[in-house]
Amino acid sequence: MVSHRYTQLAIWLHWLVAIGIFANIALAWTWDLLPDAQVRPAIDLHKSIGITVLGLAVMRLLWRVTHKPPTLPNGYKQWEITTSHITHWALYLLIFTMPITGWMHDSAWKDAATHPMYLFGTIEWPRIGFIMSMDPVTKESLHDLFGELHEIAAKLVYVLVGLHILGALKHQFLDKERELQRIWFWGTPE
């Protein structure tokens, strides 16, 4: 029998990455509203979640390239299959781009040497050494560049996550496919 459900590990990785992405979006949208004393802790939490998403993305990609995903239901049109594959691989690319550009941006921060970064306030996380050792003018320009790239990637994430969610909802509710059950912990996808 052909399974249409992802493996338990793939499901866990999918939802943990999704939660991390949504948490970081929420943090980025709210820190301008926070009192000054709470901004730095919110940014530090954002960094910790981003690095965690990067680690989960590495595991997810390794799992994905070593395990064949479940077959798609028969009712999918070719354009839907193509769009799905393009969107998924673009999301993988952005899931790596976001934390890496953020890490580079943080490593080029002028105060990085005097403000160590700690994952969730406990484990010191290294900055990227060759960026930190650059002269201050170069670091400042790289800080701006990586910050801009991080923001552009964020806007692309909004679009692609939106397409991903809309596609899943379309298949689930308009096409009457059991799409959400393929990537959820219970329910029958067939």
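Residues numbered from 1 in each chain as written. Predicted model: local features only at pLDDT ≥ 70, side-chain atom pairs only at ≥ 80, totals over all residues. Heavy atoms only, no water.

Colleague: Teacher, can you tell me more about the packing of helix H1 (residues 8–30) against helix H5 (residues 136–174) here?
Modeller: Pairs of packed helices are described in terms of their axes, by the angle between the two and the distance that separates them. The contact between H1 and H5 brings their axes to 13 Å, and the two run at 135°. The orientation of H1 with respect to H5, classified from their angle, is oblique. In terms of crossing hand, the pair formed by H1 and H5 is left-handed. For the pair H1 and H5, contact is made by His14, Ile21, Phe22, Ile25 and Trp29 and by Val157, Tyr158, Val161, His164 and Ile165, respectively. Taken together, the residues of the contact of H1 with H5 break down into eight nonpolar, two polar and no charged. (Axes fitted to C-alpha atoms, helices over the stretch in contact; angles between N-to-C directions. Helix = DSSP H or I, 4+ residues; strand = E, 2+ residues; numbered from the N terminus. Parallel < 35°, antiparallel > 145°, perpendicular 65-115°, else oblique. Left-handed = near helix turned anticlockwise from the far one by under 90°. Contact = heavy atoms within 4.5 Å. Nonpolar A, V, L, I, M, F, W, Y, C, P; charged D, E, K, R; others polar.)

Colleague: Honestly, a nonpolar patch on the surface in this entry has me stumped. Any pointers?
Modeller: A contiguous nonpolar patch, built from Phe22, Ile165, Leu169, Phe173 and Leu180 and spanning about 440 Å² of accessible area, is present on the exposed surface. Looking at which element gives the most residues to the nonpolar patch, the answer is H5, with three residues. (Patch = residues over 30% accessible without salt bridge, like charges linked within 9 Å, V, L, I, M, F, W, Y side chains within 5 Å. Areas by Shrake-Rupley, 256 points an atom, 1.4 Å probe, with all protein chains shown as cover. Salt bridge = Lys/Arg side-chain N within 4 Å of Asp/Glu carboxyl O.)

Colleague: I tried to follow a negative patch on the surface on my own but got confused; where do I start?
Modeller: Side chains of Glu140, Asp144, Glu148 and Glu151 sit close together on the surface and give a patch of like negative charge. Take Glu140: it is sitting in helix H5. (Lys, Arg positive; Asp, Glu negative; His and termini not counted. Charge placed at Lys NZ, Arg CZ, Asp CG, Glu CD.)

Colleague: Help me understand the layout of surface pockets, please; the structure alone is not making it clear to me.
Modeller: Rolled over the atoms, a probe as big as a water molecule pinpoints where empty space is left. If you add up the space inside the largest pocket, you get close to 1200 Å³. Looking at the largest pocket, it is lined by 45 residues, and the ones nearest its centre are Tyr6, His14, Ser84, His88 and His164. The dominant element in the lining of the largest pocket, judged by the number of residues it contributes, is helix H3 (residues 78–107), at 11 residues. By residue class, the composition of the lining of the largest pocket is 25 nonpolar, 12 polar and eight charged. Taken as a whole, the second largest pocket holds about 890 Å³ of empty space. Lining the second largest pocket are 33 residues, and of these Ala28, Trp31, His46, Gly102 and His150 sit closest to its centre. In terms of residue class, the lining of the second largest pocket is made up of 18 nonpolar, nine polar and six charged. (1 Å grid on protein atoms, 1.4 Å probe; cavity = no way out; pocket = protein on both sides within 12 Å on 5 of 7 lines; lining within 4 Å. Points joined across faces, edges and corners; volume = space filled by probe spheres on them.)

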